[in-house]
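# Topology and contacts: notes
Listed below, chain by chain, are the residues.
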Amino acid sequence: DVIKDHEWFQLLRLGLITPGEVRALQKLSSDEKTIFLVHWCADVACDGHSLAMKVKNAPPNLRQSLLDRLLLIRHSQHQVRDVLGLPVPFQYFHLLNWMIVLNLMLWAYHLGCSHSPIDNLIYIAASLVFMGMMELASAFADPFGNDEVDFPVGAWVTEWLAQCVTLLEYGYPGEADEWAHALAAATELSKDLIDVDIFMDCGFADSPSGHLSNDPRRFSMDWSWNMKPMANAATYSPFSTDRTSD
């Protein structure tokens, strides 16, 4: 099995899977797991869309958009599996190894007959380059392993999980009343903002040369009329686990 026991336990500890789901997936082969999970996601997406249409008046065509993305994932799985299932034939690999060995043997004989010590260094460097390229090509043949040149799949999955948690779990300030209080407290934007440069000291943007460099408004604008004291930083941080409502 591609997934080890300690990895199943990690998923269980994080609450990403239940023991019953683990038992159901462990009975399947690697090929069956991929199609089973995609079909599972499609079933959940259809049921969730049906519920969203009743509760949130979701548009009917949203279901097709969800299924299209699942089909794209399935297509990508097929592409990866086809590439991994069709490696370089062993005859070509064996012929390439024989060519490198024969080439190194001829170089060793020719450079060994030379009286220059530099030729020995050239042979050592050429040998390292040829054998290193051969080893690198062998590692690239399967980029989903634990070699140093393999894809950081674990880091990618961790980043994806962090983004999913951020999008699904945090709330926006003011969403409790559907932004009614925020809209009522909103004021019109001043036309002075048209000529103001922002984010100049944090590196986000570079100011055009000579633009507003001597304009006193750039440093003297008073924003106190639109600011309120921040009693708790967690209130305004969408990534904080300790949030309180406004």
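In short, a report on the structure.

What counts as what
- The residue numbering used here restarts from 1 in each chain and proceeds along that chain's sequence as written.
- Whole-chain, interface and lining totals are the exception, using all residues; otherwise, since this is a predicted model, local features are given only for residues with pLDDT of at least 70 and side-chain atom pairs are given and counted only at 80 or more.
- Working from all heavy atoms in the structure, the side-chain values ignore hydrogens and water.
- Each helix is a run of H or I in the DSSP string that is no shorter than four residues. Each strand is a run of E no shorter than two, and both are numbered from the N terminus.
- Summary of the burial criterion: residues with accessible area below 20% of their type's maximum are buried, those above 50% are exposed, and those between are partly exposed, where the area comes from a 1.4 Å probe applied to protein chains only.
- Note on definitions: a residue-residue contact is assigned when non-hydrogen atoms from the two residues lie within 4.5 Å.
- For every accessible area listed, the method is Shrake-Rupley and the probe measures 1.4 Å; residues are considered covered only by the protein chains on display.
- Patch building starts from residues that exceed 30% relative accessible area and form no salt bridge, then joins like charges within 9 Å and nonpolar side chains (Val, Leu, Ile, Met, Phe, Trp, Tyr) within 5 Å.
- By convention in these notes, a salt bridge is any Lys or Arg side-chain nitrogen within 4 Å of a carboxyl oxygen on Asp or Glu.

### Digging into the overall build of the chain
Within the chain, the regular secondary structure consists of nine helices and zero strands. Reading the chain from its N terminus to its C terminus gives the helix and strand order α-α-α-α-α-α-α-α-α. When the 246 residues of the chain are sorted by exposure, 13% land in the buried category. Taking the intrachain contacts of the chain between residues at least 6 apart in sequence as the baseline, contacts between residues at least 24 apart amount to 39%. For the chain, the exposed area adds up to about 20,200 Å²; of that, 64% sits on carbon and sulfur atoms.

### A look at the side chain of Asp119
In this fold, Asp119 is placed in helix H6 (residues 117-140). Those residues in contact with Asp119 that lie beyond four places of it in its chain are Leu111 and Ser114.

### Points about the environment of Arg63
Within the secondary structure, Arg63 is located in helix H4 (residues 62-85). For Arg63, a relative accessible area of 30% puts it in the partly exposed group. With 18 residues separating them along the chain, Arg63 and Ala45 place their C-alpha atoms 7.4 Å apart.

### Side note on a nonpolar patch on the surface
Where nonpolar side chains cluster on the molecular surface, the patch consists of Leu95, Leu96, Trp98, Met99, Val101, Leu102, Met105, Leu106 and Trp107 and spans about 880 Å² of accessible area. Turning to its location among the elements, Met99 is positioned in helix H5 (residues 90-112).

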